[in-house]
Amino acid sequence: MDYKKMLKEARENLNGSCRVCKTCNGVVCAGEVPGMGGKGTGSAFTENFKSLENVKINMRVIHNVSNPDTSVELFGKKMKAPIFAAPVTGTTLNMGGKISEREYITPVVEGCIESGIYPMVGDTAVDSFLMDNLDVLKANNGDGIVFIKPWENHDIIKKIKLAEEAGAYAVGVDIDACGLVTLSMHGKTVVPKDLEAIKELKASTKLPFILKGIMTVEDAMLAVEAGVDAIVVSNHGGRVLDCTPGAADVLPAIAAAVKGKVTILADGGVRTGVDVLKMIGLGADGVLIGRPFVTASFGGGKEGVKLYVDKLISEFEATMRLTGCQTVKDIDGKVIFR
């Protein structure tokens, strides 16, 4: 499959909800929520992109690293690279409505698994979308992670049980979605979570439990106190609160505070394998990528997803080679130009 052709098909199938810009930086789609843009001025989306773009890396060529190993193990699963497809949900709400949720998520799940990484799936204001996602995950041996919106705890726990039944190997709550416009527009009640509420959710499952939407050291430390297994440093793609910093801006301080105490994932503006290395150099153990997987699925189905993953891993491997990193564990602050 030709990459440019995939992008062209995606532009048509996204039906005006995304222009599939040459640079996915949130400028053209600013304020388009519902849609694929960032909330309000769109600055939280654009800051994700700019904060990561502004990170520069140190090129090192005097070493013996010729065949880097991009693989990692996260949540007990071996992965070809430390990359997840982020839980992006809501085809009829945000993605033009031309393709159904099941038609969109099936290529993401299957393409990721066949490429050696794992998908994350989620829920949204349309209850049936979670069920579609769980059905597809179950049909693929449960090889993925399920994120639930921050409903009342009893509703979250019910959905965690559904994720367990589908065979998911980890679950999480994207607590920052309490500010998501598409949920409130459909009369759905989402609420922030205090420490005790998070502890209750963690205790409700034996699966690894992930808290997504951490943007401060204080919240990261509270997440550790609650006993979660992992956090995702994320501002929800700039879709929930205007005027936040970019994820790459806050990641180093969060990593300095909780690295080794909890698995740290990060998302926001990651587009290439170079970006993956940057996030890991800033302190993440793995990354999530959202909008580009939508483009890949809408533009090329499973083959489009596989094409994009192969591109990411090839770029990541080349960047490891040119920064002198034999394994992912070798990627640390030394790759970042200060």
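Before any of the text, the structure's been laid out above.
This one's a predicted model, so the numbers in the text were calculated from it and none came from an experiment. (Residues numbered from 1 in each chain as written. Predicted model: local features only at pLDDT ≥ 70, side-chain atom pairs only at ≥ 80, totals over all residues. Heavy atoms only, no water.)

**Describing the overall build of the chain**
Consideration 1: Helix and strand content of the chain: twelve helices and ten strands.
Consideration 2: Computed over the C-alpha atoms, the radius of gyration of the chain is 18 Å, within 12% of the 20 Å expected from 2.2 N^0.38 for a compact globule of 338 residues.
Consideration 3: Structurally, the chain occupies a C-alpha span of about 60 × 45 × 40 Å along its principal axes.
Consideration 4: Counting all 338 residues of the chain, 58% fall into the buried class.
Consideration 5: Partitioning the intrachain contacts of the chain with sequence separation of at least 6 by distance along the chain shows that 73% fall at a separation of at least 24.
Consideration 6: Of the roughly 13300 Å² of accessible surface on the chain, a fraction of 54% belongs to carbon and sulfur atoms.
Consideration 7: Seen as two clouds, the 39 positive and the 41 negative side-chain charges of the chain have centres 4 Å apart. (Helix = DSSP H or I, 4+ residues; strand = E, 2+ residues; numbered from the N terminus. Rg over C-alpha atoms; globule rule 2.2 N^0.38 Å. Buried < 20%, exposed > 50% of the residue type's maximum accessible area, 1.4 Å probe, protein only. Contact = heavy atoms within 4.5 Å. Areas by Shrake-Rupley, 256 points an atom, 1.4 Å probe, with all protein chains shown as cover. Lys, Arg positive; Asp, Glu negative; His and termini not counted. Charge placed at Lys NZ, Arg CZ, Asp CG, Glu CD.)

**Structural notes on the packing of aromatic side chains**
Consideration 1: Tallying each qualifying case throughout the model produces four aromatic pairs.
Consideration 2: Measuring from ring centre to ring centre gives 5.8 Å for Tyr104 and Phe298, while their planes differ by 50°; the resulting arrangement is tilted. Here Tyr104 is found in helix 4 (residues 101-115), whereas its partner Phe298 is found in helix 12 (residues 291-321), with 194 residues between them in sequence.
Consideration 3: Stacked on the ring of Phe45, the Lys or Arg Arg291 has its end atom at 3.7 Å from the ring centre. (Phe/Tyr/Trp six-rings, centres within 6.5 Å; stacked < 30°, edge-to-face > 60°. Lys NZ or Arg CZ within 6 Å of the ring centre and 35° of its normal.)

**Notes on the nonpolar core**
Consideration 1: With 110 residues, the main nonpolar core has Phe84, Ile231, Val233, Met279 and Phe293 as its most contacted residues.
Consideration 2: Top contributing element to this core by residue count: helix 12, with eleven residues.
Consideration 3: If we skip the residues at most four places from it in the chain, Met279 touches Leu52, Ala247, Ala248, Leu251, Ala266, Asp267, Gly268, Val270, Ala284 and Val287. (Core = buried A, V, L, I, M, F, W, Y, C linked by side-chain atoms within 4.5 Å.)

**Here's the deal with the environment of Ile83**
Consideration 1: Here Ile83 lies in strand 3 (residues 83-85).
Consideration 2: With a relative accessible area of 1%, Ile83 lands in the buried category.
Consideration 3: Residues Ile83 and Asp267, 184 residues apart in the sequence, show an inter-C-alpha distance of 10.0 Å.
Consideration 4: Not counting residues up to four positions away in its chain, the partners in contact with Ile83 are Ile117, Tyr118, Val276, Val287, Ile289 and Leu312.

**What to know about the pattern of salt bridges**
Consideration 1: A full pass over the atoms with the stated rule returns 19 salt bridges.
Consideration 2: Residue Asp135 is joined to Arg102 by a salt bridge in which the shortest nitrogen-to-oxygen separation is 3.2 Å. Note that Asp135 is positioned in helix 5 (residues 127-139) and Arg102 in helix 4, a separation of 33 residues in sequence.
Consideration 3: The exposure class assigned to Asp135 is partly exposed, which follows from its relative accessible area of 39%.
Consideration 4: Note on Arg102: relative accessible area 36%, which makes it partly exposed.
Consideration 5: The partner of Asp285 in a salt bridge is Lys259, with the nearest N and O atoms 3.0 Å apart. With a gap of 26 residues between them, Asp285 in the loop between helix 11 (273-281) and strand 10 (286-289) and Lys259 in the loop between helix 10 (247-258) and strand 9 (263-267) connect regions that are remote in the sequence.
Consideration 6: Taking the relative accessible area as the measure of exposure, Asp285 reaches 25% and is therefore partly exposed.
Consideration 7: Residue class for Lys259 comes out partly exposed when judged on its relative accessible area of 40%.
Consideration 8: Among the charged side chains, a network of salt bridges with common partners joins Arg102, Asp132 and Asp135. (Salt bridge = Lys/Arg side-chain N within 4 Å of Asp/Glu carboxyl O.)

**A closer look at unusual backbone geometry**
Consideration 1: Cis geometry marks the peptide bond from Val33 to Pro34, where omega comes out at 5°.
Consideration 2: With a phi close to 50°, Val20 is a non-glycine residue in the positive phi region.
Consideration 3: For Val20, the location among the structural elements is in the loop between helix 1 (3-13) and helix 2 (43-53).
Consideration 4: Backbone geometry places Phe75, a non-glycine residue, at a positive phi of 55°.
Consideration 5: Assignment of secondary structure puts Phe75 in the loop between strand 1 (72-74) and strand 2 (77-79).
Consideration 6: For Phe75, a relative accessible area of 18% corresponds to the buried category.

**Topic: the packing of helix 2 against helix 10**
Consideration 1: For the pair helix 2 and helix 10, interaxial distance at closest approach is 7 Å and the crossing angle is 65°. Only Ala247, Ala248 and Asp249 of helix 10 make contact with helix 2, whose side of the interface consists of Glu47, Asn48, Ser51 and Leu52.
Consideration 2: In terms of residue class, the contact of helix 2 with helix 10 is made up of three nonpolar, two polar and two charged. (Axes fitted to C-alpha atoms, helices over the stretch in contact; angles between N-to-C directions. Nonpolar A, V, L, I, M, F, W, Y, C, P; charged D, E, K, R; others polar.)

**Focus on the sheet that holds strand 7 (residues 209-214)**
Consideration 1: Spatial ordering of the closed barrel is given by 3-4-5-6-7-8-9-10, a layout of eight strands whose pairing is parallel. Mean inter-strand twist for the sheet, computed between neighbouring axes without regard to direction, equals 25°.
Consideration 2: Sheet topology note: the strand 9/strand 10 ladder contains three bridges and is parallel. The partner of Leu265 across the bridge, within strand 10, is Gly286.
Consideration 3: Contacts from helix 5 reach strand 4 (118-122) and strand 5 (145-148), with the element oriented near 155° to strand 4. (Pairing = 2+ DSSP bridges.)

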